[in-house]
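Structural features, examined
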Amino acid sequence: MDSLIAAAGRALVAGDALGALKRVALRDDPPALALRGIAMAQLGEYPRARELLRRAARGFGTREALARARCVVAGAEVALAMRDLGGSPRALAEAATALDARGDRANALQARLIAVRRLLLLGRLDEASAALVGLDAKGLPPSLAAITELATAELALRSLRTADARSALDRAFAAAQRAAIPALLAEVTEARAALDRAAARRIHAGHEEPLRLEQIEALMGSDVLVVDACRRGLRAGDVWVPLARRPILFALLRALAENWPGDVERNALIARVFRTRQPDETHRARLRVEVGRLRSLVAPLLDIQASARGFTLVPTDDRGVVVLVPPIDGEQASLLALLADGAAWSTSALALALGDSQRTVQRALAELEAAGQVRSIGRARAQRWLAPPLVGFTTTLLLPAALPPE
Amino acid sequence: MSRNPASSTSAQAPTRAAEIVREYGPFEGARNVAGVTFDGHHVWTAIGSKVVAFDPANGEVERSVECAADAGTAFDGTHLYQIAEARIDKIDPSTGAVVASIPAPGNGGDSGMAWAEGSLWVGQYRDRKIHQINPDTGAIIRTIESNQFVTGVTWVDGELWHGVWDGDESELRRIDAESGAVLERLEMPHGTGVSGLESDGAGMFYCGGGPSGKVRAVRRPPR
């Protein structure tokens with residue numbers, strides 16, 4: 001490392017990106033390009049930063065594999081911050097291997113965390129979870145430990161393991177305090193606050209009550225039958241009967257559950273499920289058919305019995321029935337509730353689940369996207385919709401770790 | 001890319017593995033060892049925001065001077081010379097005061113410095129050069145071309161040695177001060193950087209270890 005690179009590196013580590021830039025602004029050798037790229041990234045000039053880091057990586061000779069790998073990692077971090085998820089993950093994986101082989105564990109871990117965060121943003125939760133297992137931040141900078149725990153918390157929240165999420169966030173908070181990076185601390189604090197916000201409402205015997213994630217998890221873990229209008233299905237402990245692809249059956253189940261333990265009159269069911277105010281005999285016949293279909297799907301958990309004027313739910317084993325609905329009413333809230341599982345949904349799957357036209361759903365999604373509440377990846381038929389990350393960890397560029405002290 | 005005009009020479013030069021006798025440090029507060037020099041008793045080591053002097057007999061730090069210390073270090077018998085950013089500071093080691101500054105010949109691309117025969121010898125890292133300069137004015141007297149990255153320079157018994165560090169490979173090499181031809185090579189272990197080089201005037205070289213924060217003592221081949 002030469003003197004100005006060393007001086008610029010010192011400035012960068014001290015948080016003085018402009019001071020670093022000033023020292024190497026006119027130089028085009030690879031270490032200077034790398035430093036300029038990192039400084040630009042810290043100033044939020046992402047496209048320029050990526051270009052500089054690419055040139056730096058190309059400029060380092062094949063013998064300077066360590067410096068080159070660090071540039072690849074820094075470039076991937078910038079791409080993530082730009083939400084450009086299109087690149088191939090192979091270069092990043094190769095960089096991680098090269099860094100490990102040279103004993104640079106911190107940057108190798110950072111490379112792997114970038115890969116995990118990318119998978120999380122793509123909604124590929126199983127792969128993210130598999131990649132996260134075995135990552136070990138022990139003895140490494142606390143900022144990396146904080147990011148590891150944030151990713152763990154995100155995965156736990158998506159699968160509604162709130163106790164796991166809370167303890168991961170506690171560990172993330174402690175690590176972020178040690179790291180003393182204000183942006184990181186703010187993100188962890190925000191994620192912890194999100195745990196305490198209402199995430200759904202419970203409708204039980206005509207009463208509504210807001211629920212936090214922990215209360216939802218407790219409800220799911222109890223022996224109550226939960227008709228979940230957020231994720232569209234019936235849950236009883238570990239048993240999950242998905243009905244997202246059966247909107248008529250779900251509407252029927254929800255209508256019956258909202259009135260449980262009372263019954264629901266036939267014409268009221270027809271009006272709600274088939275959306276018609278003038279029922280005739282064909283509707284009554286169709287209702288019988290749909291009730292029969294639903295009955296067989298939910299069979300061991302509950303029965304649907306005919307009453308004098310309509311139908312009523314009869315759970316087995318004296319279980320109670322509650323309905324869980326999104327925290328606020330409306331099309332957009334329903335979409336957000338469906339996307340809360342963190343998976344990538346197609347427009348058609350969302351439309352099917354909500355029983356709306358694709359055009360209606362597309363419109364609602366466009367509004368949500370403009371408000372930053374949903375994200376999409378891919379184009380045309382391959383387009384998929386995702387909830388924004390619960391923990392916004394990608395705004396924290398950890399680039400100084402990628403800084404080459406050669 | 002033509003980066004190795006004299007590679008045939010370097011391939012023929014006698015080559016052996018460097019014998020590392022001892023390691024010192026890592027020193028407290030050091031992100032990176034940037035330069036080393038020897039004052040007859042102590043090894044002075046530049047570590048970014050200060051230069052520390054340790055006793056090579058026991059490795060204990062005995063002195064320290066606060067100053068910007070980004071690259072090579074040299075000692076002329078009275079003053080320390082220290083590269084900081086794009087200049088060379090002349091420092092009174094007893095007070096740490098900068099008594100003069102001259103521009104560095106590589107304009108900030110400098111790495112490695114030695115004092116010999118009334119001149120400063122300054123390595124220009126990626127440009128693979130060693131400049132002989134006037135220590136009062138900074139004027140370049142002449143320039144020797146190497147065929148490898150230069151990360152340290154030292155003179156001992158009329159021999160000019162420089163440190164090479166390129167990725168995972170580094171070595172100490174003796175070159176012809178006139179032609180730049182490589183005369184002898186000592187290969188450091190794979191993955192060991194050389195940042196800064198100084199001889200003690202006898203049988204030992206001291207090598208800065210870059211981000212390891214260490215200084216390594218390497219035996220000079222007997223004549």
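That block above? That's the structure.
Note that the coordinates shown come from a computational prediction; the quantities given were computed from them, not determined experimentally.

Some remarks on the overall build of chain B
When you go through chain B residue by residue, the secondary structure sums to 1 helix and 21 strands. Radius of gyration (C-alpha) of chain B: 16 Å, near the 17 Å computed for a compact globule of 223 residues. Along the three orthogonal principal directions, the C-alpha set of chain B runs to about 50 × 40 × 30 Å. For chain B, the residues scored as buried account for 57% of the 223 residues in total. Counted over contacts in chain B with a minimum sequence separation of 6, partners at least 24 positions apart contribute 45%. Each charge sign in chain B was given a centre, from 20 positive and 30 negative side chains, and these centres are 4 Å apart.

Considerations on the nonpolar core
In this structure, L109, L113, V116, L120, L132, I216 and L324 of chain A are the most contacted members of the largest nonpolar core, which totals 45 residues. Ranked by residues supplied to this core, first place goes to helix α9 (residues 142-158) of chain A with 10 residues.

Concerning the packing of helix α1 (residues 3-13) of chain A against helix α3 (residues 30-42) of chain A
Residue and element names in this part refer to chain A. It is at 10 Å that the axes of α1 and α3 come closest, and there the two elements cross at 15°. On the basis of their axis angle, the class for α1 and α3 is roughly parallel. Note on packing geometry: the crossing formed by α1 with α3 is left-handed. Here α1 contributes I5, A8, G9 and L12 to the contact with α3, which in turn contributes P31, A32, L35, I38, A39 and Q42. The class makeup of the residues in the contact of α1 with α3 is 8 nonpolar, 2 polar and no charged.

Brief notes about the sheet that holds strand β9 (residues 321-325) of chain A
Residue and element names in this part refer to chain A. Read from one edge to the other, the open sheet built from 6 strands follows the order β2-β1-β9-β3-β4-β5, with strand pairing classed as mixed. In the strand order of this sheet, the two ends are held by β2 (207-212) and β5 (239-242), each with one partner. Pairwise comparison of adjacent strand axes, ignoring direction, gives a mean angle of 25° for this sheet.

Notes on the interface of chain B and chain A
Contacts between the two partners involve 26 residues from chain B, matched on the other side by 21 residues from chain A. Taking both sides of the interface into account, the surface hidden between chain B and chain A amounts to around 1,900 Å²; carbon and sulfur atoms contribute 47%. Looking only at chain B, the three residues that lose the most surface to chain A are R31, E85 and R126 of chain B, adding up to 31% of its buried area. Joining chain B to chain A, the criterion identifies 10 residue pairs in polar contact (both at pLDDT 80 or more). Elements that contribute at least two residues to the side of chain B that touches chain A include exactly β6 (61-69), β11 (110-116) and β16 (159-166) of chain B. Looking at the side of chain B that touches chain A residue by residue, the classes come out as 9 nonpolar, 8 polar and 9 charged.

Observations concerning helix α6 (residues 90-101) of chain A
Residues and elements named next belong to chain A. Along its 12 residues, α6 runs 17 Å from first to last C-alpha, staying within 8% of the 16 Å computed at 1.5 Å per residue. Taken residue by residue, α6 has L92, A95, A96 and L99 as its buried positions. Considered in projection along α6, the buried side chains sweep an arc of 100° and stay on one side of the axis. Counted as exposed and oriented over 90 degrees from the buried face of α6: R90 and A101. The elements touched by buried residues of α6 are α5 (65-81) and α7 (105-121). Backbone geometry just downstream of α6 places G103 in the positive-phi region, at approximately 75°.

Observations regarding the packing of α9 of chain A against helix α11 (residues 182-195) of chain A
Residues and elements named next belong to chain A. Where α9 meets α11, the axes come as close as 11 Å, and the angle between the chain directions of the two elements is 20°. Looking at the two axes, α9 sits roughly parallel to α11. Between α9 and α11 the crossing geometry is left-handed. Contacts between α9 and α11 involve S143, A146, I147, L150 and L157 from the former and L184, V188 and L195 from the latter. Across the contact of α9 with α11, the residue classes break down as 7 nonpolar, 1 polar and no charged.

Looking at the packing of aromatic side chains
Tallied over the full model, the rule gives 8 aromatic pairs over all chains. Each member of the aromatic cluster is reached from another via a ring pair, and the members are Y24, F27, F38, F54 and Y206 of chain B. Sitting above the plane of the F173 of chain A ring, R192 of chain A keeps its charged end 4.2 Å from the centroid. Directly above the aromatic system of Y125 of chain B lies the positively charged group of R126 of chain B, at a separation of 5.8 Å from the ring centroid.

Section: the sheet that holds strand β2 (residues 20-24) of chain B
Residue and element names in this part refer to chain B. Judged by pairing direction, the sheet is antiparallel, and its 4 strands sit side by side in the order β2-β21-β20-β19 without closing on themselves. Of all the strands in the sheet, the pair left with one neighbour each is β2 and β19 (197-199). Strand-to-strand, the axes of this sheet are offset by a mean angle of 20°, without reference to chain direction. Sheet topology note: the strand β20 (residues 204-208)/strand β21 (residues 215-219) ladder contains 5 bridges and is antiparallel. By the bridge assignment for β21, G208 is matched with V215.

Parameters at a glance
- Residues numbered from 1 in each chain as written.
- Chains lettered and ligands numbered in written order.
- Predicted model: local features only at pLDDT ≥ 70, side-chain atom pairs only at ≥ 80, totals over all residues.
- Heavy atoms only, no water.
- Helix = DSSP H or I, 4+ residues; strand = E, 2+ residues; numbered from the N terminus.
- Rg over C-alpha atoms; globule rule 2.2 N^0.38 Å.
- Buried < 20%, exposed > 50% of the residue type's maximum accessible area, 1.4 Å probe, protein only.
- Contact = heavy atoms within 4.5 Å.
- Lys, Arg positive; Asp, Glu negative; His and termini not counted.
- Charge placed at Lys NZ, Arg CZ, Asp CG, Glu CD.
- Core = buried A, V, L, I, M, F, W, Y, C linked by side-chain atoms within 4.5 Å.
- Axes fitted to C-alpha atoms, helices over the stretch in contact; angles between N-to-C directions.
- Parallel < 35°, antiparallel > 145°, perpendicular 65-115°, else oblique.
- Left-handed = near helix turned anticlockwise from the far one by under 90°.
- Nonpolar A, V, L, I, M, F, W, Y, C, P; charged D, E, K, R; others polar.
- Pairing = 2+ DSSP bridges.
- Buried area = accessible area lost by both parts, 1.4 Å probe.
- Polar contact = N/O pair within 3.5 Å; in protein donor to acceptor, adjacent residues only side chain to side chain.
- Expected span 1.5 Å × (residues − 1).
- Arc of directions from axis to C-beta.
- Phe/Tyr/Trp six-rings, centres within 6.5 Å; stacked < 30°, edge-to-face > 60°.
- Lys NZ or Arg CZ within 6 Å of the ring centre and 35° of its normal.

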